[in-house]
Amino acid sequence: MILYIFNCNRFRLGIYCSGTQLNKGSPMHELDRLQQIAENMKTEQLSHKELIAQRTHINVSDEEIDGMDRLIYNHSLNKKGFREFTKLAPITFQNRIRKAIDEGVIPEPIYQNKQHLFTRMHIHTLMDHWGMQKYSDKYKPRSVAVENQKGGTGKSSTAAILATASALDLNMNAKVLLIDLDSQGTLGQSMISTNVEDEAIYLTAVDIALGKMERTGDYASLVEAGYTDREIILNAPFSTHLPNLDVMPAFNTDERFHDLFWQAQSNEDKTKLISRFAHEVIPVLKEKYDLIFIDTPPQESPLIWMVNEALDCLLVPISPREYDFAATTNYLMTTHARFEGLPSKGENLLWTRVLIVNHDEKSPSELDVIDKLSRTVQDRLLSTYIVHSELIATAAELNRTALDVAKSEKRVAPKKHDEAMTSINSVYKQFIREITSISVKGK
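Small disclaimer: the values here were computed from a predicted structure and weren't measured.

Calculation rules
Residues numbered from 1 in each chain as written. Predicted model: local features only at pLDDT ≥ 70, side-chain atom pairs only at ≥ 80, totals over all residues. Heavy atoms only, no water. pLDDT = per-residue confidence, 0-100. Helix = DSSP H or I, 4+ residues; strand = E, 2+ residues; numbered from the N terminus. Contact = heavy atoms within 4.5 Å. Pairing = 2+ DSSP bridges. Buried < 20%, exposed > 50% of the residue type's maximum accessible area, 1.4 Å probe, protein only. Core = buried A, V, L, I, M, F, W, Y, C linked by side-chain atoms within 4.5 Å. Axes fitted to C-alpha atoms, helices over the stretch in contact; angles between N-to-C directions. Parallel < 35°, antiparallel > 145°, perpendicular 65-115°, else oblique. Left-handed = near helix turned anticlockwise from the far one by under 90°. Nonpolar A, V, L, I, M, F, W, Y, C, P; charged D, E, K, R; others polar. Arc of directions from axis to C-beta. Phe/Tyr/Trp six-rings, centres within 6.5 Å; stacked < 30°, edge-to-face > 60°.

Before going further, it helps to examine the confidence of the model for the protein chain. Across the protein chain, the average pLDDT comes to 86, with 85% of residues at or above 70. Within the protein chain, the element-level pLDDT minimum falls on helix H2 (residues 48-57), averaging 44, and the maximum on strand S6 (residues 142-146), averaging 98. Across residues 1-25, where pLDDT falls below 50, the model places 45 contacts with residues more than four positions away in sequence or in other chains. Confidence drops under a pLDDT of 50 for residues 51-61, and excluding neighbours within four residues, the segment shows 21 contacts in the predicted structure.

See below:
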(Lines give C-alpha, C1' and ligand atoms only; values in the text may rest on other atoms or scores of the structure.)
Protein backbone atom coordinates (compact mmCIF):
# COMPACT_ATOMS: atom_id res chain seq x y z
CA MET A 1 0.00 0.00 0.00
CA ILE A 2 1.34 3.44 -0.95
CA LEU A 3 1.20 5.97 1.84
CA TYR A 4 0.96 9.56 0.62
CA ILE A 5 1.57 12.82 2.42
CA PHE A 6 -2.12 13.47 2.80
CA ASN A 7 -2.64 10.18 4.68
CA CYS A 8 -1.13 11.51 7.87
CA ASN A 9 -1.16 10.21 11.41
CA ARG A 10 2.27 10.63 12.86
CA PHE A 11 4.02 13.95 12.28
CA ARG A 12 2.73 17.37 13.19
CA LEU A 13 3.44 18.53 9.63
CA GLY A 14 1.05 15.94 8.27
CA ILE A 15 3.50 13.35 7.00
CA TYR A 16 3.11 9.64 7.60
CA CYS A 17 6.26 7.55 7.64
CA SER A 18 6.31 3.84 8.33
CA GLY A 19 10.07 3.97 8.84
CA THR A 20 12.94 2.73 6.70
CA GLN A 21 15.66 0.23 7.36
CA LEU A 22 19.03 0.25 5.68
CA ASN A 23 20.49 -2.92 4.29
CA LYS A 24 24.07 -3.00 5.49
CA GLY A 25 25.31 -4.35 2.21
CA SER A 26 23.51 -1.88 -0.06
CA PRO A 27 24.63 1.64 -1.05
CA MET A 28 23.09 4.49 0.91
CA HIS A 29 20.27 6.28 -0.95
CA GLU A 30 20.19 10.08 -1.04
CA LEU A 31 17.19 10.16 1.32
CA ASP A 32 18.93 7.98 3.89
CA ARG A 33 22.02 10.17 3.61
CA LEU A 34 19.87 13.25 4.21
CA GLN A 35 18.35 11.63 7.29
CA GLN A 36 21.82 10.89 8.64
CA ILE A 37 22.88 14.50 8.01
CA ALA A 38 19.82 15.78 9.86
CA GLU A 39 20.60 13.52 12.83
CA ASN A 40 24.21 14.75 12.81
CA MET A 41 23.07 18.38 12.80
CA LYS A 42 20.54 17.76 15.55
CA THR A 43 23.29 16.65 17.94
CA GLU A 44 24.94 20.08 17.60
CA GLN A 45 21.82 22.20 17.62
CA LEU A 46 21.66 24.80 20.38
CA SER A 47 18.70 24.87 22.71
CA HIS A 48 16.16 27.69 22.39
CA LYS A 49 17.59 29.27 25.53
CA GLU A 50 21.12 29.13 24.13
CA LEU A 51 19.96 30.57 20.83
CA ILE A 52 18.28 33.52 22.52
CA ALA A 53 21.30 34.14 24.70
CA GLN A 54 23.61 34.13 21.70
CA ARG A 55 21.24 36.31 19.71
CA THR A 56 21.29 39.03 22.36
CA HIS A 57 25.02 38.72 22.86
CA ILE A 58 26.23 38.90 19.26
CA ASN A 59 26.41 42.20 17.69
CA VAL A 60 16.81 44.53 -16.54
CA SER A 61 16.97 47.64 -16.84
CA ASP A 62 15.63 50.99 -17.92
CA GLU A 63 19.20 52.24 -18.34
CA GLU A 64 20.83 52.59 -21.76
CA ILE A 65 24.38 52.90 -23.08
CA ASP A 66 24.37 54.87 -26.34
CA GLY A 67 20.87 53.59 -27.08
CA MET A 68 21.69 50.02 -26.05
CA ASP A 69 19.95 48.40 -23.06
CA ARG A 70 22.34 48.18 -20.12
CA LEU A 71 21.70 44.46 -19.50
CA ILE A 72 22.30 43.64 -23.17
CA TYR A 73 25.46 45.74 -23.17
CA ASN A 74 26.88 44.18 -19.99
CA HIS A 75 26.85 40.69 -21.50
CA SER A 76 28.08 41.56 -24.99
CA LEU A 77 31.48 40.37 -26.19
CA ASN A 78 33.87 42.31 -28.38
CA LYS A 79 35.28 40.68 -31.51
CA LYS A 80 38.45 39.50 -29.77
CA GLY A 81 36.58 37.96 -26.85
CA PHE A 82 34.14 36.13 -29.11
CA ARG A 83 36.91 34.86 -31.40
CA GLU A 84 38.92 33.54 -28.44
CA PHE A 85 35.87 31.62 -27.27
CA THR A 86 35.40 30.00 -30.69
CA LYS A 87 39.13 29.13 -30.86
CA LEU A 88 39.10 30.02 -34.56
CA ALA A 89 42.04 31.59 -36.36
CA PRO A 90 41.54 35.35 -36.94
CA ILE A 91 41.11 35.05 -40.71
CA THR A 92 38.76 32.06 -40.43
CA PHE A 93 36.70 33.86 -37.77
CA GLN A 94 36.46 37.03 -39.84
CA ASN A 95 35.40 35.11 -42.95
CA ARG A 96 32.72 33.19 -41.07
CA ILE A 97 31.35 36.37 -39.51
CA ARG A 98 31.23 38.15 -42.84
CA LYS A 99 29.49 35.20 -44.50
CA ALA A 100 26.89 35.02 -41.68
CA ILE A 101 26.18 38.74 -42.05
CA ASP A 102 25.92 38.51 -45.85
CA GLU A 103 23.49 35.57 -45.53
CA GLY A 104 21.34 37.49 -43.06
CA VAL A 105 22.02 35.13 -40.15
CA ILE A 106 22.90 38.10 -37.92
CA PRO A 107 22.96 41.87 -38.53
CA GLU A 108 26.16 43.87 -38.42
CA PRO A 109 27.62 43.82 -34.90
CA ILE A 110 27.18 46.98 -32.85
CA TYR A 111 30.05 49.43 -33.28
CA GLN A 112 30.83 51.35 -30.13
CA ASN A 113 33.96 52.97 -28.73
CA LYS A 114 36.03 51.76 -31.69
CA GLN A 115 35.09 48.11 -31.19
CA HIS A 116 32.51 45.69 -32.52
CA LEU A 117 30.16 44.24 -29.92
CA PHE A 118 28.33 40.95 -30.35
CA THR A 119 25.24 40.65 -28.17
CA ARG A 120 24.28 37.33 -26.59
CA MET A 121 21.58 37.01 -29.24
CA HIS A 122 24.21 37.39 -31.98
CA ILE A 123 26.45 34.85 -30.28
CA HIS A 124 23.83 32.16 -29.70
CA THR A 125 22.44 32.59 -33.21
CA LEU A 126 25.90 32.06 -34.65
CA MET A 127 26.63 29.11 -32.36
CA ASP A 128 23.45 27.41 -33.60
CA HIS A 129 24.24 28.32 -37.22
CA TRP A 130 27.77 26.91 -36.94
CA GLY A 131 26.57 23.75 -35.24
CA MET A 132 28.62 24.24 -32.08
CA GLN A 133 28.14 21.70 -29.31
CA LYS A 134 25.14 22.12 -27.02
CA TYR A 135 24.52 20.96 -23.48
CA SER A 136 21.89 18.54 -24.77
CA ASP A 137 24.43 16.81 -27.02
CA LYS A 138 26.20 15.34 -23.98
CA TYR A 139 23.93 15.67 -20.95
CA LYS A 140 20.41 14.85 -19.81
CA PRO A 141 18.16 17.73 -18.71
CA ARG A 142 17.82 18.26 -14.96
CA SER A 143 15.38 20.04 -12.65
CA VAL A 144 16.97 21.67 -9.60
CA ALA A 145 14.88 22.89 -6.67
CA VAL A 146 16.34 25.50 -4.31
CA GLU A 147 14.60 24.81 -1.03
CA ASN A 148 14.70 25.64 2.67
CA GLN A 149 11.68 26.31 4.85
CA LYS A 150 13.59 28.99 6.75
CA GLY A 151 12.78 32.37 5.25
CA GLY A 152 15.57 34.77 4.32
CA THR A 153 18.10 32.06 3.50
CA GLY A 154 18.79 33.44 0.05
CA LYS A 155 16.77 30.93 -1.95
CA SER A 156 15.59 33.40 -4.57
CA SER A 157 18.94 35.10 -5.11
CA THR A 158 20.71 31.72 -5.22
CA ALA A 159 18.26 30.32 -7.79
CA ALA A 160 18.51 33.46 -9.93
CA ILE A 161 22.31 33.60 -9.74
CA LEU A 162 22.76 29.94 -10.69
CA ALA A 163 20.23 30.20 -13.51
CA THR A 164 21.92 33.32 -14.89
CA ALA A 165 25.40 31.81 -14.51
CA SER A 166 24.25 28.69 -16.38
CA ALA A 167 22.84 30.80 -19.20
CA LEU A 168 26.01 32.91 -19.43
CA ASP A 169 28.25 29.83 -19.65
CA LEU A 170 28.96 29.63 -23.39
CA ASN A 171 30.91 26.41 -22.95
CA MET A 172 27.80 24.68 -21.59
CA ASN A 173 25.56 26.27 -24.25
CA ALA A 174 22.47 25.31 -22.24
CA LYS A 175 18.87 26.46 -22.43
CA VAL A 176 17.79 27.49 -18.95
CA LEU A 177 14.43 28.02 -17.27
CA LEU A 178 13.83 29.65 -13.89
CA ILE A 179 10.48 28.79 -12.29
CA ASP A 180 9.33 31.03 -9.44
CA LEU A 181 6.91 29.32 -7.05
CA ASP A 182 7.17 31.83 -4.22
CA SER A 183 3.97 33.83 -4.61
CA GLN A 184 5.16 36.33 -1.99
CA GLY A 185 8.21 37.31 -4.05
CA THR A 186 8.79 39.09 -7.34
CA LEU A 187 11.83 37.17 -8.60
CA GLY A 188 10.32 35.98 -11.86
CA GLN A 189 8.34 39.13 -12.55
CA SER A 190 11.44 41.34 -12.24
CA MET A 191 13.35 39.28 -14.84
CA ILE A 192 10.78 39.51 -17.65
CA SER A 193 12.13 41.49 -20.60
CA THR A 194 9.23 40.95 -22.98
CA ASN A 195 6.64 43.71 -23.29
CA VAL A 196 3.50 41.90 -22.18
CA GLU A 197 0.39 43.30 -23.83
CA ASP A 198 -2.65 44.06 -21.72
CA GLU A 199 -4.72 41.35 -23.38
CA ALA A 200 -1.99 38.70 -23.07
CA ILE A 201 -2.74 35.65 -20.92
CA TYR A 202 -0.35 35.37 -18.00
CA LEU A 203 0.14 31.79 -16.80
CA THR A 204 2.19 30.74 -13.80
CA ALA A 205 3.59 27.28 -13.05
CA VAL A 206 0.71 26.79 -10.62
CA ASP A 207 -1.86 27.64 -13.30
CA ILE A 208 -0.34 24.92 -15.45
CA ALA A 209 0.06 22.44 -12.60
CA LEU A 210 -3.65 22.76 -11.81
CA GLY A 211 -4.42 22.42 -15.51
CA LYS A 212 -7.70 20.79 -16.38
CA MET A 213 -8.65 20.37 -12.72
CA GLU A 214 -9.95 23.94 -12.91
CA ARG A 215 -12.98 24.38 -15.14
CA THR A 216 -12.64 28.15 -15.34
CA GLY A 217 -9.72 30.54 -15.69
CA ASP A 218 -7.05 31.34 -18.26
CA TYR A 219 -5.84 27.77 -18.71
CA ALA A 220 -9.37 26.50 -19.30
CA SER A 221 -9.92 29.33 -21.81
CA LEU A 222 -6.85 28.28 -23.79
CA VAL A 223 -7.96 24.65 -23.85
CA GLU A 224 -11.40 25.75 -25.01
CA ALA A 225 -9.72 27.78 -27.76
CA GLY A 226 -8.13 24.59 -29.07
CA TYR A 227 -4.60 24.74 -27.65
CA THR A 228 -3.09 21.46 -26.49
CA ASP A 229 -1.58 20.96 -23.05
CA ARG A 230 1.89 20.73 -24.59
CA GLU A 231 1.44 23.98 -26.52
CA ILE A 232 0.30 25.81 -23.40
CA ILE A 233 3.22 24.52 -21.32
CA LEU A 234 5.90 25.36 -23.90
CA ASN A 235 4.55 28.86 -24.52
CA ALA A 236 4.05 29.85 -20.88
CA PRO A 237 7.62 31.00 -20.04
CA PHE A 238 8.68 34.60 -20.64
CA SER A 239 11.97 35.67 -22.22
CA THR A 240 14.61 37.60 -20.29
CA HIS A 241 17.62 39.72 -21.25
CA LEU A 242 19.51 36.51 -22.14
CA PRO A 243 18.32 34.59 -25.22
CA ASN A 244 18.80 31.19 -23.57
CA LEU A 245 17.22 32.08 -20.21
CA ASP A 246 13.45 32.10 -19.73
CA VAL A 247 11.37 32.59 -16.62
CA MET A 248 7.99 31.52 -15.27
CA PRO A 249 6.95 34.07 -12.63
CA ALA A 250 4.75 33.46 -9.61
CA PHE A 251 1.67 35.45 -8.69
CA ASN A 252 -0.37 35.85 -5.51
CA THR A 253 -3.22 33.79 -6.94
CA ASP A 254 -0.89 30.75 -6.78
CA GLU A 255 -1.85 30.36 -3.12
CA ARG A 256 -5.07 28.69 -4.27
CA PHE A 257 -3.09 25.50 -4.96
CA HIS A 258 -3.12 24.80 -1.21
CA ASP A 259 -6.86 25.43 -0.91
CA LEU A 260 -7.69 23.20 -3.85
CA PHE A 261 -5.49 20.43 -2.50
CA TRP A 262 -7.13 20.36 0.92
CA GLN A 263 -10.59 20.70 -0.62
CA ALA A 264 -10.03 17.68 -2.88
CA GLN A 265 -12.61 15.00 -2.09
CA SER A 266 -10.41 11.95 -2.64
CA ASN A 267 -6.83 10.81 -2.33
CA GLU A 268 -6.89 10.16 -6.05
CA ASP A 269 -7.54 13.85 -6.73
CA LYS A 270 -4.77 14.82 -4.30
CA THR A 271 -2.40 12.46 -6.06
CA LYS A 272 -3.24 14.06 -9.40
CA LEU A 273 -2.50 17.51 -8.00
CA ILE A 274 0.86 16.40 -6.59
CA SER A 275 1.87 14.33 -9.62
CA ARG A 276 0.87 16.36 -12.69
CA PHE A 277 3.82 18.76 -12.42
CA ALA A 278 6.27 15.84 -12.30
CA HIS A 279 4.73 13.61 -14.94
CA GLU A 280 3.07 16.01 -17.39
CA VAL A 281 4.66 19.46 -17.03
CA ILE A 282 8.38 19.01 -16.29
CA PRO A 283 8.88 16.32 -19.01
CA VAL A 284 7.48 18.72 -21.63
CA LEU A 285 9.67 21.56 -20.36
CA LYS A 286 12.71 19.27 -20.51
CA GLU A 287 12.12 18.91 -24.25
CA LYS A 288 13.07 22.59 -24.55
CA TYR A 289 15.22 23.35 -21.50
CA ASP A 290 18.40 21.69 -20.26
CA LEU A 291 18.48 23.13 -16.74
CA ILE A 292 15.31 24.01 -14.84
CA PHE A 293 15.75 25.91 -11.58
CA ILE A 294 12.79 26.07 -9.19
CA ASP A 295 12.63 28.74 -6.49
CA THR A 296 10.37 27.47 -3.70
CA PRO A 297 8.34 29.23 -0.98
CA PRO A 298 9.54 29.03 2.66
CA GLN A 299 6.82 26.72 3.90
CA GLU A 300 5.71 23.14 4.39
CA SER A 301 2.83 22.78 1.98
CA PRO A 302 1.35 20.79 -0.90
CA LEU A 303 3.22 23.11 -3.27
CA ILE A 304 6.52 21.91 -1.81
CA TRP A 305 5.36 18.29 -2.14
CA MET A 306 4.55 18.96 -5.79
CA VAL A 307 8.08 20.28 -6.36
CA ASN A 308 9.72 17.43 -4.44
CA GLU A 309 7.89 14.93 -6.64
CA ALA A 310 9.24 16.67 -9.77
CA LEU A 311 12.87 17.49 -8.96
CA ASP A 312 16.05 15.64 -9.84
CA CYS A 313 18.35 17.71 -7.64
CA LEU A 314 17.86 19.48 -4.32
CA LEU A 315 19.98 22.46 -3.27
CA VAL A 316 19.57 23.72 0.30
CA PRO A 317 21.03 27.20 0.92
CA ILE A 318 21.88 28.11 4.51
CA SER A 319 23.31 31.22 6.12
CA PRO A 320 25.96 30.19 8.67
CA ARG A 321 24.14 31.45 11.75
CA GLU A 322 22.84 29.46 14.68
CA TYR A 323 19.17 30.30 14.07
CA ASP A 324 19.50 29.24 10.45
CA PHE A 325 21.35 26.08 11.47
CA ALA A 326 18.52 25.22 13.87
CA ALA A 327 15.79 25.92 11.31
CA THR A 328 17.58 23.98 8.58
CA THR A 329 18.08 21.06 10.96
CA ASN A 330 14.35 20.97 11.63
CA TYR A 331 13.65 21.12 7.89
CA LEU A 332 16.03 18.27 7.12
CA MET A 333 14.60 16.17 9.97
CA THR A 334 11.29 16.01 8.09
CA THR A 335 12.78 15.62 4.60
CA HIS A 336 13.11 11.85 4.61
CA ALA A 337 9.49 11.39 5.69
CA ARG A 338 8.33 14.05 3.25
CA PHE A 339 9.85 12.28 0.25
CA GLU A 340 8.85 8.83 1.51
CA GLY A 341 5.25 10.02 1.63
CA LEU A 342 5.23 11.07 -2.03
CA PRO A 343 3.96 8.85 -4.86
CA SER A 344 7.55 8.35 -6.10
CA LYS A 345 8.84 7.77 -2.54
CA GLY A 346 11.81 9.97 -3.36
CA GLU A 347 13.27 7.70 -6.02
CA ASN A 348 13.50 10.74 -8.32
CA LEU A 349 16.05 12.45 -6.05
CA LEU A 350 19.53 11.99 -7.55
CA TRP A 351 21.64 14.72 -5.96
CA THR A 352 21.49 16.79 -2.77
CA ARG A 353 23.81 19.52 -1.58
CA VAL A 354 23.84 22.17 1.14
CA LEU A 355 25.25 25.55 0.08
CA ILE A 356 26.53 28.20 2.47
CA VAL A 357 25.34 31.66 1.42
CA ASN A 358 25.59 35.19 2.73
CA HIS A 359 28.76 34.31 4.65
CA ASP A 360 30.72 36.99 6.50
CA GLU A 361 34.25 35.60 6.45
CA LYS A 362 35.29 37.86 9.35
CA SER A 363 32.65 36.56 11.76
CA PRO A 364 34.00 34.05 14.35
CA SER A 365 30.48 32.84 15.16
CA GLU A 366 29.81 32.06 11.50
CA LEU A 367 33.06 30.13 11.26
CA ASP A 368 31.87 28.04 14.21
CA VAL A 369 28.64 27.24 12.39
CA ILE A 370 30.56 26.36 9.21
CA ASP A 371 32.69 24.01 11.28
CA LYS A 372 29.52 22.31 12.53
CA LEU A 373 28.17 22.09 8.99
CA SER A 374 31.41 20.49 7.84
CA ARG A 375 31.17 17.86 10.58
CA THR A 376 27.50 17.09 10.09
CA VAL A 377 26.72 17.59 6.41
CA GLN A 378 30.10 16.20 5.36
CA ASP A 379 30.29 15.24 1.67
CA ARG A 380 26.91 16.82 0.89
CA LEU A 381 28.22 20.29 1.78
CA LEU A 382 29.55 22.25 -1.19
CA SER A 383 33.11 23.33 -0.45
CA THR A 384 32.50 26.70 -2.10
CA TYR A 385 30.16 29.38 -0.74
CA ILE A 386 28.60 32.73 -1.58
CA VAL A 387 29.94 35.57 0.53
CA HIS A 388 27.89 38.28 2.19
CA SER A 389 27.98 40.85 -0.56
CA GLU A 390 27.06 44.46 -1.07
CA LEU A 391 26.96 43.67 -4.79
CA ILE A 392 24.19 41.08 -4.39
CA ALA A 393 22.10 43.49 -2.32
CA THR A 394 22.66 46.32 -4.78
CA ALA A 395 21.76 44.09 -7.71
CA ALA A 396 18.51 43.08 -6.01
CA GLU A 397 17.55 46.74 -5.67
CA LEU A 398 18.10 47.07 -9.43
CA ASN A 399 15.97 43.95 -10.12
CA ARG A 400 19.05 42.15 -11.42
CA THR A 401 21.41 39.43 -10.28
CA ALA A 402 24.97 40.24 -9.27
CA LEU A 403 26.11 38.76 -12.58
CA ASP A 404 24.14 41.45 -14.42
CA VAL A 405 26.02 44.33 -12.78
CA ALA A 406 29.19 45.31 -14.63
CA LYS A 407 32.23 46.40 -12.67
CA SER A 408 32.42 49.48 -14.88
CA GLU A 409 29.07 50.69 -13.50
CA LYS A 410 30.83 51.39 -10.17
CA ARG A 411 27.78 50.38 -8.13
CA VAL A 412 30.11 49.03 -5.44
CA ALA A 413 33.82 49.35 -4.76
CA PRO A 414 35.95 47.38 -7.29
CA LYS A 415 37.34 45.11 -4.55
CA LYS A 416 33.83 44.28 -3.31
CA HIS A 417 32.74 43.52 -6.86
CA ASP A 418 35.69 41.19 -7.41
CA GLU A 419 35.12 39.35 -4.12
CA ALA A 420 31.48 38.71 -4.92
CA MET A 421 32.16 37.57 -8.48
CA THR A 422 34.96 35.25 -7.39
CA SER A 423 32.65 33.69 -4.82
CA ILE A 424 29.73 33.29 -7.24
CA ASN A 425 31.88 31.87 -10.03
CA SER A 426 33.50 29.32 -7.73
CA VAL A 427 30.07 28.11 -6.56
CA TYR A 428 28.76 27.89 -10.11
CA LYS A 429 31.79 25.94 -11.33
CA GLN A 430 31.43 23.38 -8.56
CA PHE A 431 27.68 23.19 -9.06
CA ILE A 432 27.78 22.65 -12.83
CA ARG A 433 30.63 20.17 -12.53
CA GLU A 434 28.60 18.02 -10.14
CA ILE A 435 25.35 18.32 -12.10
CA THR A 436 26.97 17.32 -15.39
CA SER A 437 28.72 14.39 -13.71
CA ILE A 438 25.34 12.81 -12.90
CA SER A 439 23.80 13.78 -16.25
CA VAL A 440 26.09 12.23 -18.86
CA LYS A 441 24.02 10.55 -21.54
CA GLY A 442 24.42 6.81 -21.81
CA LYS A 443 25.03 6.30 -18.09
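Pairing between sheet strands relies on hydrogen bonds along the backbone, with the strands arranged either parallel or antiparallel. If you walk across this open sheet you meet the eight strands as S8-S9-S7-S10-S6-S11-S12-S13, and the pairing is mixed. Looking at strand neighbours, the two that pair on one side only are strand S8 (238-239) and strand S13 (381-387), the edges of this open sheet. Pairing of strand S7 (residues 176-180) with strand S10 (residues 291-295), which is carried by five bridges, proceeds in the parallel orientation. Counted as the bridge partner of Leu177 is Ile292 from S10.

A separate point is the pairing of strand S5 (residues 115-118). Looking down a regular strand, the side chains alternate between one sheet face and the other. By the bridge criterion, two bridges tie strand S3 (residues 77-78) to S5 in an arrangement that is antiparallel. Across the sheet, residue Asn78 finds its bridge partner in S5, namely Leu117. Once strand S4 (residues 110-112) ends, the chain turns through two residues before running back antiparallel as S5, passing Asn113 with a positive phi of about 50°.

Here we come to unusual backbone geometry. A positive phi angle, close to 60°, is found at Lys87, a residue other than glycine. For Asn173, which is not glycine, the phi dihedral falls at a positive 50°. Position of Asn173 among the secondary structure elements: in the loop between helix H8 (155-168) and S7. For Asn173, a relative accessible area of 6% puts it in the buried group.

Generally speaking, a soluble globular protein has its nonpolar side chains buried in company with each other. Ranked by size, the top nonpolar core spans 58 residues in total, and within it Ile179, Leu181, Phe277, Leu285, Leu314 and Leu373 carry the most contacts. Here this core gets eight residues from one element, more than from any other, and that element is helix H14 (residues 267-288). Those residues within four positions of Leu314 in sequence are excluded, and the remaining contacts are Leu34, Ala145, Glu147, Tyr331, Phe339, Leu349, Trp351, Thr352 and Arg353. Counting residues in each nonpolar core, the second largest holds 46 residues, with Tyr135, Ala165, Val247 and Ile392 among its members.

A separate point is the packing of helix H1 (residues 30-43) against helix H16 (residues 322-340). Taken N-terminus to C-terminus, the directions of H1 and H16 make an angle of 150°; their axes are 9 Å apart at the nearest point. Comparing the axis directions of H1 and H16 gives the class roughly antiparallel. Handedness of the crossing formed by H1 with H16: left-handed. From H1, Leu31, Asp32, Leu34, Gln35, Ile37, Ala38, Glu39, Met41 and Lys42 reach across to H16, where they touch Phe325, Thr328, Thr329, Leu332, Met333, Thr335, His336, Phe339 and Glu340. Residue classes in the contact of H1 with H16 are distributed as nine nonpolar, five polar and four charged.

When we look at burial in helix H13 (residues 256-263), the residues that qualify are Phe257, His258 and Phe261. One face of H13 carries all of its buried residues, which in axial projection span an arc of 100°. Elements that come into contact with the buried residues of H13 comprise helix H10 (205-210), H14 and helix H15 (302-310).

Turning to the packing of aromatic side chains, a few remarks are in order. On inspection of all chains with the given rule, the structure shows 12 aromatic pairs. Geometrically, the ring pair formed by Phe82 and Phe93 is edge-to-face, given 5.5 Å between the ring centres and 85° between the ring planes. Of this pair, Phe82 sits in helix H4 (residues 79-86) while Phe93 is found in helix H5 (residues 90-102), placing the two residues 11 residues apart along the sequence. Pair check on accessibility: Phe82 and Phe93 agree, each one buried. Between the aromatic rings of Tyr135 and Tyr139, the centroid separation amounts to 5.1 Å while the plane-to-plane angle is 50°, which identifies the pairing as tilted.

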